[in-house]
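# Notes for the structure review
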Amino acid sequence: MKCALDIDVRDVEEMFINIDPIQAGGRLTADAMKAAIAYGDGYSVCDNCLSPFRLDYIKKPPIAQFHAELAEWLHMDQVRVVPGARRGFQAVASTYVEKGDPVMLTSLAHYTEFMAVEEAGGIPREVPKDERNHITPDAVAARIEDVIREFNRTPPLMFLDHVDYQYGNVHDAKAIARVARQYDIPIALNGAYSVGIMPVDGSELGVDFVIGSGHKSMASPAPSGLIAATAEHAERIFRTTQSKGDITGRTFGIKEVEMMGCTLMGVTVIGMMASFPHVKERVQHWDAEVERSRMVVDALLSIDGTEVRSDYPREHTLTRIDTRGSFDKVAQEHKKRGYFLSSELKKRGITGVIPGSTKVWKFNTYGLSEKQARHVADALVEIARENGLSVS
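Since the structure is predicted, the reported quantities are computational estimates derived from the model, not experimental observations. (Residues numbered from 1 in each chain as written. Predicted model: local features only at pLDDT ≥ 70, side-chain atom pairs only at ≥ 80, totals over all residues. Heavy atoms only, no water.)

Scanning the chain from N- to C-terminus turns up 15 helices and 14 strands. In terms of overall dimensions, the chain is globule-like: its C-alpha atoms have a radius of gyration of 23 Å, near the 21 Å expected for 392 residues. Along the first, second and third principal axes, the C-alpha set of the chain runs to 75 × 55 × 35 Å. Taking as baseline every contact in the chain between residues at least 6 positions apart, the subset at least 24 positions apart corresponds to 67%. A total accessible area of about 18,200 Å² is found for the chain, and carbon and sulfur atoms account for 51% of it. Of the charged side chains in the chain, 46 are positive and 54 negative, and the gap between their average positions amounts to 4 Å. (Helix = DSSP H or I, 4+ residues; strand = E, 2+ residues; numbered from the N terminus. Rg over C-alpha atoms; globule rule 2.2 N^0.38 Å. Contact = heavy atoms within 4.5 Å. Areas by Shrake-Rupley, 256 points an atom, 1.4 Å probe, with all protein chains shown as cover. Lys, Arg positive; Asp, Glu negative; His and termini not counted. Charge placed at Lys NZ, Arg CZ, Asp CG, Glu CD.)

For the rest of this paragraph, the subject is unusual backbone geometry. A cis geometry characterises the amide bond from lysine 60 onward to proline 61, with omega recorded as 0 degrees. Here proline 61 is to be found in the loop between α2 (30-38) and α3 (63-74). Backbone torsion omega between tyrosine 312 and proline 313 reads 0 degrees, so that peptide bond is classified as cis. Within the element layout of this structure, proline 313 appears in the loop between β11 (307-308) and β12 (318-322). Although it is not a glycine, leucine 5 sits at a positive phi angle of roughly 50 degrees. When you line up the elements, leucine 5 lands in the loop between β1 (2-4) and β2 (7-8). Overall, the relative accessible area of 77% leaves leucine 5 in the exposed class. Of note in the backbone geometry, alanine 219 takes a positive phi value of approximately 55 degrees without being a glycine. Following the sequence through the fold, alanine 219 ends up in the loop between α9 (214-217) and β10 (225-229). For alanine 219, a relative accessible area of 0% gives the class buried. (Buried < 20%, exposed > 50% of the residue type's maximum accessible area, 1.4 Å probe, protein only.)

Another point: the sheet that holds β11. The antiparallel open sheet is built from three strands, whose spatial order is β11-β12-β14. Lying at the two open borders of the sheet, with one neighbouring strand each, are β11 and β14 (360-364). Sheet topology note: the β11/β12 ladder contains two bridges and is antiparallel. Paired with glutamate 307 across the strands is aspartate 322, a residue of β12. Across the sheet, helix α12 (residues 286-301) lies against β11, β12 and β14, angled at about 150 degrees from β14, the strand it touches most. (Pairing = 2+ DSSP bridges. Axes fitted to C-alpha atoms, helices over the stretch in contact; angles between N-to-C directions.)

Under the feature "binding site: pyridoxal 5'-phosphate" (unreviewed entry), the UniProt entry names Ala85, Arg86, Asn190, Ser213, Gly214 and His215. Spatially, the listed residues are clustered: although they cover 131 residues, their C-alpha atoms lie within 14.1 Å of one another. Residues from the named set that contribute to the lining of the largest pocket are Arg86 and His215. Looking at the element boundaries, serine 213 is found in strand β9 (residues 209-213). Leave out the neighbours within four places in its chain, and serine 213 touches Ala85, Ala192, Met218, Ser224 and Gly225. (UniProt positions renumbered as here; feature names shortened; annotations may be inferred. 1 Å grid on protein atoms, 1.4 Å probe; cavity = no way out; pocket = protein on both sides within 12 Å on 5 of 7 lines; lining within 4 Å.)

What follows covers the UniProt feature "modified residue: N6-(pyridoxal phosphate)lysine" (unreviewed entry) in the chain. According to UniProt, the feature "modified residue: N6-(pyridoxal phosphate)lysine" (unreviewed entry) maps to Lys216 in the numbering used here. By relative accessible area, which is 16% here, lysine 216 ends up buried. Setting aside chain neighbours within four positions, we find lysine 216 in contact with Ile22, Gly25, Gly26, Ala192 and Tyr193.

Turning our attention to α3. Compared with the 16 Å implied by 1.5 Å per residue over 12 residues, the 17 Å span of α3 between its first and last C-alpha is a close match. The complete set of buried residues in α3 reads Ile63, Phe66, His67, Leu70, Ala71, Trp73 and Leu74. All buried residues of α3 project into a common sector of 165 degrees when viewed along the axis, lining one side. If you follow the buried residues of α3, they end up packed against β4 (78-82), α8 (202-205), β9, β10 and α11 (267-282). Of the residues flanking the end of α3, it is histidine 75, one or two places downstream, whose phi is positive at about 60 degrees. (Expected span 1.5 Å × (residues − 1). Arc of directions from axis to C-beta.)

Structure follows, in structure tokens:
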């Protein structure tokens with residue numbers, strides 16, 4: 001079936017249980033789907049954009065109210081919606097980083113954080129992870145001291161992944177922020193895998209910026225995200241333009257430089273808004289999501305030779321699993337080689353594991369019902385037994 005021309009209908013979410021690592025938290029709600037149809041035109045939300053002609057001032061639809069509610073929800077002072085978390089990283093880096101400045105990241109940081117630093121002319125300096133694949137406050141303090149000795153100045157910014165994309169481990173952002181504050185280093189929290197799926201309180205964590213991804217964790221269309229700031233930093237990062245045409249004398253009101261005037265138009269911002277009541281509700285059930293994650297991980301660990309590379313017991317729904325001692329042994333002899341696992345899962349109505357992956361791979365159980373999680377767990381064990389693997 002085609003949507004139009006040669007564009008296939010996408011029926012993944014309707015036909016399968018999807019455990020794709022990056023898609024789980026971005027599934028649209030029914031309300032967001034309806035809103036997307038109604039506001040699909042490019043500048044649809046601009047019907048009632050009146051002076052001062054800025055997105056976060058639009059009252060109908062209630063985009064201005066949405067911004068205020070986002071800030072309150074995150075316990076921050078001001079929020080702007082942006083085209084993905086990466087644009088939040090970009091806004092912070094371009095505001096605080098000058099050419100040649102050292103910028104603190106971690107060895108688990110997402111590549112877009114590096115891109116933001118590079119674009120601003122900064123020099124990335126990583127905090128190493130420990131043997132548990134965690135970023136610790138002590139390691140942060142030690143690395144900051146190293147960087148100060150190397151550059152003879154304090155880094156102007158630090159990025160920290162609240163939950164890293166490599167292992168799905170939850171890092172002690174509060175303790176790390178406390179260290180950064182001792183050096184007067186603003187800390188930008190990458191909440192791409194936390195904002196929208198688990199409770200996040202920026203004030204309690206003590207961070208200066210919270211950056212979230214709408215399409216990864218807020219049941220929103222892509223590209224969408226947010227950047228929240230404390231009052232201390234809001235005026236600087238949300239600075240308004242001072243440009244003036246030298247011939248025409250034109251000025252551009254209160255358009256914000258780092259936001260390029262306006263950010264999310266049409267379907268992206270409306271989709272975020274429509275899903276927001278559901279998102280606020282679902283973060284209150286994080287414990288149940290983690291329990292279902294543990295159910296699937298425990299099933300995998302019952303298969304001899306399987307190891308979990310993420311924290312155990314799991315504290316998040318994104319997990320890195322090592323099946324080199326189990327499913328990959330089957331792949332060595334199987335006629336489908338490494339593709340046998342994704343093929344067998346698909347027969348059982350499960351998708352999201354990268355085809356060919358039988359060594360080290362990731363999955364995300366977020367949003368699954370208990371019945372669905374049990375089906376995934378049982379399917380993995382069944383595949384193992386059918387292929388001669390020992391299950392304890």
